[in-house]
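Per-entry structural report
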Amino acid sequence: MTEEAALAPEPQRDPVTGELPIDPYEMSNAHAGAAPFAGTGMRDAFHGQDGIRRIVDNMVDRATADPRISEIFVSHDLVRLRRTLFEQFCYILNAGCDYSGRDMASSHKDLGVQIDDLNVLVENLQAAMAVERVSFAAQNRLLSKLAPMNRDVVTR
């Protein structure tokens, strides 16, 4: 650690959200990386916002504990990650949310994610969806919406 880094003050978490500060950016649902499903079928298959939140929390817990990919998350603001993943899935599943996170390319640009890392993350998501008893067909429909994002997520 450099002397300057050692002297830099720790960033303060937002007292309301618990998130660390970030540089400003333009928010748009287009940044979610996929258009939402039509109708309420997918929302219902994922048990609404409560089910989506449980899936995201379970997936993040699994990913941060998984020795194959946990190092990717070490310096992440997990509070923000949970919120923006929830918003992204909620928006795509047409469960009544807007996505306020960054676009996929800029939010993943410095992470060095490889295709194997992404595959492990998908395994963790599938396990979380299974715990929530989301049907295999509904799981595959969501994964098919998420799959094209690999162009913006995999950076090496």
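Relevant structure appears above.
First, a word on scope: everything that follows refers to the structure included in this document. (Residues numbered from 1 in each chain as written. Predicted model: local features only at pLDDT ≥ 70, side-chain atom pairs only at ≥ 80, totals over all residues. Heavy atoms only, no water.)

**Focus: the overall build of the protein**
Counting its secondary structure elements, the protein contains 8 helices and 0 strands. Seen in sequence order, the protein has helices and strands lined up from the N terminus as α-α-α-α-α-α-α-α. Considering the protein as a whole, with its 156 residues, one finds that 37% of them fall into the buried category. For the protein, contacts bridging at least 24 residues in sequence account for 76% of all contacts bridging at least 6. When the accessible surface of the protein is summed, it comes to about 9,200 Å², and 52% of that surface belongs to carbon and sulfur atoms. (Helix = DSSP H or I, 4+ residues; strand = E, 2+ residues; numbered from the N terminus. Buried < 20%, exposed > 50% of the residue type's maximum accessible area, 1.4 Å probe, protein only. Contact = heavy atoms within 4.5 Å. Areas by Shrake-Rupley, 256 points an atom, 1.4 Å probe, with all protein chains shown as cover.)

**Description of the side chain of asparagine 58**
Note on placement: asparagine 58 falls in helix 3 (residues 48–65). We classify asparagine 58 as buried; its relative accessible area is 19%. Residue contacts for asparagine 58: discarding those within four places in its chain leaves Ala128 and Val131.

**Thoughts on the packing of helix 6 (residues 115–131) against helix 7 (residues 136–146)**
Where helix 6 meets helix 7, the axes come as close as 11 Å, and the angle between the chain directions of the two elements is 150 degrees. Viewed along their axes, helix 6 and helix 7 adopt a mutual orientation that is roughly antiparallel. In this structure, helix 6 meets helix 7 at a crossing whose hand is right-handed. Judged by residue contacts, Val122, Leu125, Gln126, Met129 and Ala130 of helix 6 engage Gln139, Leu142, Leu143 and Leu146 from helix 7. Class assignment of the residues belonging to the contact of helix 6 with helix 7 gives a composition of 7 nonpolar, 2 polar and no charged. (Axes fitted to C-alpha atoms, helices over the stretch in contact; angles between N-to-C directions. Parallel < 35°, antiparallel > 145°, perpendicular 65-115°, else oblique. Left-handed = near helix turned anticlockwise from the far one by under 90°. Nonpolar A, V, L, I, M, F, W, Y, C, P; charged D, E, K, R; others polar.)

**What to know about the state of the cysteines**
All chains considered together, the criterion is met by 1 disulfide. Between the sulfur atoms of cysteine 90 and its disulfide partner cysteine 97 the distance amounts to 2.0 Å. For the disulfide bridge between cysteine 90 and cysteine 97, the dihedral angle about the S-S bond is near 70 degrees, and by the sign convention the bridge is right-handed. Taking the relative accessible area as the measure of exposure, cysteine 90 reaches 0% and is therefore buried. (Disulfide = S-S within 2.5 Å.)

**Some points on the pattern of salt bridges**
Pairs may arise between side chains of opposite charge once their charged atoms sit close together. As enumerated under the stated definition, the model contains 7 salt bridges in all. In this structure, arginine 43 engages aspartate 44 in a salt bridge whose closest nitrogen and oxygen atoms are separated by 2.9 Å. The shortest N-O distance in the salt bridge between aspartate 57 and arginine 82 comes to 3.3 Å. Linking aspartate 57 in helix 3 with arginine 82 in helix 4 (residues 78–92), this pair joins segments that are 25 residues apart in sequence. Take arginine 82: its relative accessible area is 23%, and that puts it in the partly exposed class. Connected via shared salt-bridge partners are Asp57, Asp61 and Arg82. (Salt bridge = Lys/Arg side-chain N within 4 Å of Asp/Glu carboxyl O.)

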